[in-house]
Amino acid sequence: MLNLFCHLVRFYNLVLSLQSESTECLKGNLYMEKEIDEKKQGQSLVLDQKEGNTKKLFIESYGCQMNFSDSEIVASILYENGYNTTQNLEDADLVLVNTCSIRDKAEQTIRKRLEKYNAVKKINPTMKVGVLGCMAERLKSQFLEEEKIVDMVVGPDAYKDLPNLLAEVEEGRDAINVILSKEETYGDISPVRLNSNGVNAFVSITRGCDNMCTFCVVPFTRGRERSREPQSIIDEIQDLYDRGFKEVTLLGQNVDSYLWYGGGLKKDYDKATEIQKATAMDFAQLLDKCAKLFPKMRFRFSTSNPQDMHVEVIETMAKHHNICNYIHLPVQSGSTRILKEMNRQHTREEYMALIDKIYEIIPDISLSQDMIAGFPTETEEDHQDTLSLMEYVKYDFGFMFAYSERPGTLAARKMEDDVPEEVKKRRLNEIIDLQQRIGLERTQRFIGQEVEVLIEKESKRSDAHWSGRNSQNTVVVFPKENYKVGEFVMVKITDCTAATLIGEAVGYSEIMN
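Residues numbered from 1 in each chain as written. Predicted model: local features only at pLDDT ≥ 70, side-chain atom pairs only at ≥ 80, totals over all residues. Heavy atoms only, no water.

**Student:** So what about the overall build of the chain? Which residues, and what values?
**Tutor:** What the chain contains, in helices and strands, is 16 helices and 22 strands. Long-range pairs, those at least 24 residues apart, make up 73% of the contacts in the chain with a sequence separation of at least 6. Counting every atom, the chain has about 20100 Å² of accessible surface; 49% of that belongs to carbon and sulfur. (Helix = DSSP H or I, 4+ residues; strand = E, 2+ residues; numbered from the N terminus. Contact = heavy atoms within 4.5 Å. Areas by Shrake-Rupley, 256 points an atom, 1.4 Å probe, with all protein chains shown as cover.)

Set out below in structure tokens:
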């Protein structure tokens, strides 16, 4: 969805994902945990060394948090098959890059990395190179047959096949598996936590997506939607709790449509038996169970889809103190006509009614959005509808993009990219400017309040201050005193920048008792 006009948005996203507390740079509240974290892009992942493992794995990840979560699964599988990780590319026996197809710039970045890998491979000819993730499925033929730049191509549902594929590569043959599965959720894999702060962790609960939005490649690269068995989710959270983690984000392309009825695709639920339906678990029930079983852990979730966000989820959030008051609720456009062109399955009015219900049940909620400027056929009236919707909702954060055509999507096949680039750029800037103003107003509302903060790390601007987030996902910094990373602290807010709250600790929160 991104193109070159997104450089400004990407700049703010970079600054905010680094959780900087700069009063000059933080003009817009655009930070989002769920979205692409620019700090992490291309970061090589490392875990503890296992005695007896003789081979070295170098793995980099690009794209959304799902990709980074998948890389932990891959590292776990290879860890049990003789591979320790390394951050030194030149030492690697196997180099893997987990890829993203959501924007052209991401693909070009990965191609440059592949060029780097192959340059090293000339020095170390026994080194093998593999591509994982969304680009693997989309560009498999180009990588293996036309350009011959990799030894192995593995799609998002085929990671358990890695040992077999590596055996093929060792025999001198190219290896490929990009088959999309109807069942695979990796629920039986206990992922290692790579480059973790020991406080926050992501737990995947769904894979794939059934929402065929016309601008999106995900259904074609990650397959149909299926949910993970609930007990495997609880077991993974229990393991995190036992190891001292304090916050879990339940992760999926569309978490609100989570539905476990014994396995299989969500679209096949109508074929389930009466017993399966009677014992099924939806997202509200899963969220409620997590909050009850782990009262000293905090829970977030991402991403939600408006047509699947039911009132039961909102009521569950309101019922539990340890479920954060924050929802990322992408809308993409404020125009009902454009939403229909996007195949978004909801209207402007239905979205606004959902927002009203959320504020009614959780008045102190923070909301965030994804917004696309310049989708095909978008008129000035459609654009004004987007701006007026933003004024109505009062988003705290946002990700705003100028539309760019992605190969293989329904929009690319059936719609002309007819909005001039200069118009896209102007509309995008107007959306960004409005979000900056609204975001600052939303941040200022916390001044004078006491907020609960989970300490995550040392502030980047002062070694005398801690940095963490409140329930609404806003960064908070305050003097360290005698508090420690991983503790929940009540902080009195005295000041703020556009995206950071500043305050002083007044004691531990109730969750510590």
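**Student:** With reference to specific residues and values, describe the sheet that holds strand 15 (residues 326-328).
**Tutor:** Spatially, 15-16-17 is the arrangement adopted by the three strands of the open sheet, whose pairing is parallel. Where the open sheet ends on each side, the last strands, each with one partner, are strand 15 and strand 17 (397-402). Direction aside, neighbouring strands of the sheet carry axes that sit 10° apart on average. Packing of helix 16 (residues 421-444) onto the sheet brings it into contact with strand 16 (366-373) and strand 17, and relative to strand 17 it is tilted by some 175°. (Pairing = 2+ DSSP bridges. Axes fitted to C-alpha atoms, helices over the stretch in contact; angles between N-to-C directions.)

**Student:** Now, about helix 10 (residues 283-293): what can you tell me, with residues and values included?
**Tutor:** Every buried residue of helix 10 is listed here: Phe283, Ala284, Leu286, Leu287, Asp288, Cys290 and Ala291. Each element contacted by the buried residues of helix 10 is listed here: helix 8 (230-242), strand 11 (247-251), strand 13 (281-282), strand 14 (298-302) and helix 11 (311-319). (Buried < 20%, exposed > 50% of the residue type's maximum accessible area, 1.4 Å probe, protein only.)

**Student:** Would you mind going over the confidence of the model for the chain in detail, with residue names and values included?
**Tutor:** Model confidence for the chain is summarised by a mean pLDDT of 87, while 90% of its residues fall at 70 or above. Note on residues 1-36: pLDDT under 50 across the span, and 131 contacts to partners over four residues away in sequence or across chains. (pLDDT = per-residue confidence, 0-100.)

**Student:** I'd love a proper account of the pattern of salt bridges, names of residues and values included.
**Tutor:** The tally for this structure, following the rule as stated, stands at 35 salt bridges. A salt bridge links arginine 207 to aspartate 157; the shortest N-O distance between them is 3.8 Å. In this pair, arginine 207 sits in strand 9 (residues 206-207) while aspartate 157 sits in the loop between strand 6 (152-154) and helix 6 (162-170), placing the two residues 50 residues apart along the sequence. Each member of the pair, arginine 207 as well as aspartate 157, carries the same accessibility label: buried. Lysine 480 serves as the salt-bridge partner of glutamate 458, at 2.6 Å between the closest nitrogen and oxygen. On the criterion of sequence distance, the pair formed by glutamate 458 in strand 18 (residues 450-458) and lysine 480 in the loop between strand 20 (475-479) and strand 21 (488-496) is long-range, its members being 22 residues apart. (Salt bridge = Lys/Arg side-chain N within 4 Å of Asp/Glu carboxyl O.)

**Student:** Now, about helix 11: what can you tell me, with residues and values included?
**Tutor:** Every buried residue of helix 11 is accounted for by Val313, Ile314, Thr316 and Met317. In a view along the axis of helix 11, the buried residues occupy a sector of 160°, so they form one face of it. (Arc of directions from axis to C-beta.)

**Student:** An account of the nonpolar core is needed here, citing residue identities and associated values.
**Tutor:** One finds Ile237, Leu250, Phe283, Phe301, Met317, Ile327 and Tyr395 to be the most contacted residues of the largest nonpolar core, which totals 54 residues. With six residues, the top contributor of residues to this core is helix 10. Once residues lying within four places of it in the same chain are set aside, the contact partners of tyrosine 395 are Val331, Tyr351, Leu367, Ser368, Gln369, Met371, Leu389, Met390, Gln435, Ile438, Gly439 and Arg442. (Core = buried A, V, L, I, M, F, W, Y, C linked by side-chain atoms within 4.5 Å.)

**Student:** Before we move on, could you go through unusual backbone geometry and cite the residues and values that matter?
**Tutor:** Glycine aside, the phi torsion of most residues is negative, and most peptide linkages are trans. Between serine 302 and the following residue, threonine 303, the backbone shows a cis peptide bond with an omega angle of 5°. Take threonine 303: it is sitting in the loop between strand 14 and helix 11. The phi torsion at glutamine 332 lies on the positive side, around 80°, for a residue other than glycine. By the secondary structure assignment, glutamine 332 is in the loop between strand 15 and helix 12 (336-341). Take glutamine 332: its relative accessible area is 4%, and that puts it in the buried class. Residue lysine 394 is not a glycine yet carries a positive backbone phi of 65°. Secondary-structure assignment places lysine 394 in the loop between helix 14 (380-393) and strand 17. Owing to a relative accessible area of 29%, lysine 394 belongs among the partly exposed residues under this scheme.

**Student:** Run through the packing of aromatic side chains, naming residues and quoting values.
**Tutor:** As enumerated under the stated definition, the model contains nine aromatic pairs in all. Both rings, one in tyrosine 261 and one in tyrosine 269, keep their centres 5.3 Å apart while their planes meet at 75°; by these two values the pair is edge-to-face. Overall, the relative accessible area of 7% leaves tyrosine 261 in the buried class. Clustering of aromatic rings is evident, with ring pairs tying together Phe215, Phe375 and Tyr403. Geometry around tyrosine 269 places lysine 277 over its ring, the cationic atom sitting 5.6 Å from the centre. The ring of tryptophan 466 carries lysine 480 above its face, with NZ or CZ at 4.6 Å from the centroid. (Phe/Tyr/Trp six-rings, centres within 6.5 Å; stacked < 30°, edge-to-face > 60°. Lys NZ or Arg CZ within 6 Å of the ring centre and 35° of its normal.)

**Student:** Can you break down the side chain of serine 366 residue by residue, with the values?
**Tutor:** Checked against the element boundaries, serine 366 lands in strand 16. Among the residues examined, serine 366 registers a relative accessible area of 0% and is labelled buried. At 3.0 Å, the side chain of serine 366 and the side chain of aspartate 396 are in polar contact. Setting aside chain neighbours within four positions, we find serine 366 in contact with Asn325, Tyr326, Ile327, Asp396, Arg442, Arg445 and Gln472. (Polar contact = N/O pair within 3.5 Å; in protein donor to acceptor, adjacent residues only side chain to side chain.)

**Student:** How would you explain the pairing of strand 11 if you had to name every residue and give the values?
**Tutor:** Among the five residues of strand 11, five are classified as buried, and the element is accordingly described as predominantly covered. Judged from the five bridges that link them, strand 8 (residues 200-204) and strand 11 form a sheet pairing that is parallel. What sits directly across from serine 204, in strand 11, is leucine 251. Taken together, the five bridges between strand 11 and strand 14 define a ladder with parallel strand orientation. Paired with glutamate 247 across the bridge in strand 14 is arginine 298.

**Student:** How would you sum up the pairing of strand 21? Please name residues and give values.
**Tutor:** As defined by bridge partners, strand 18 adjoins strand 21 across five bridges and the pair is classed as antiparallel. Residue pairing in the sheet places glutamate 450 in a bridge with lysine 492 of strand 21. Two elements, strand 21 and strand 22 (residues 500-508), share seven bridges in a ladder whose sense is antiparallel. Bridge pairing in strand 22 links aspartate 495 to isoleucine 502. Taking the residues that link successive antiparallel strands as the turn, the strand 21-strand 22 hairpin has three residues.

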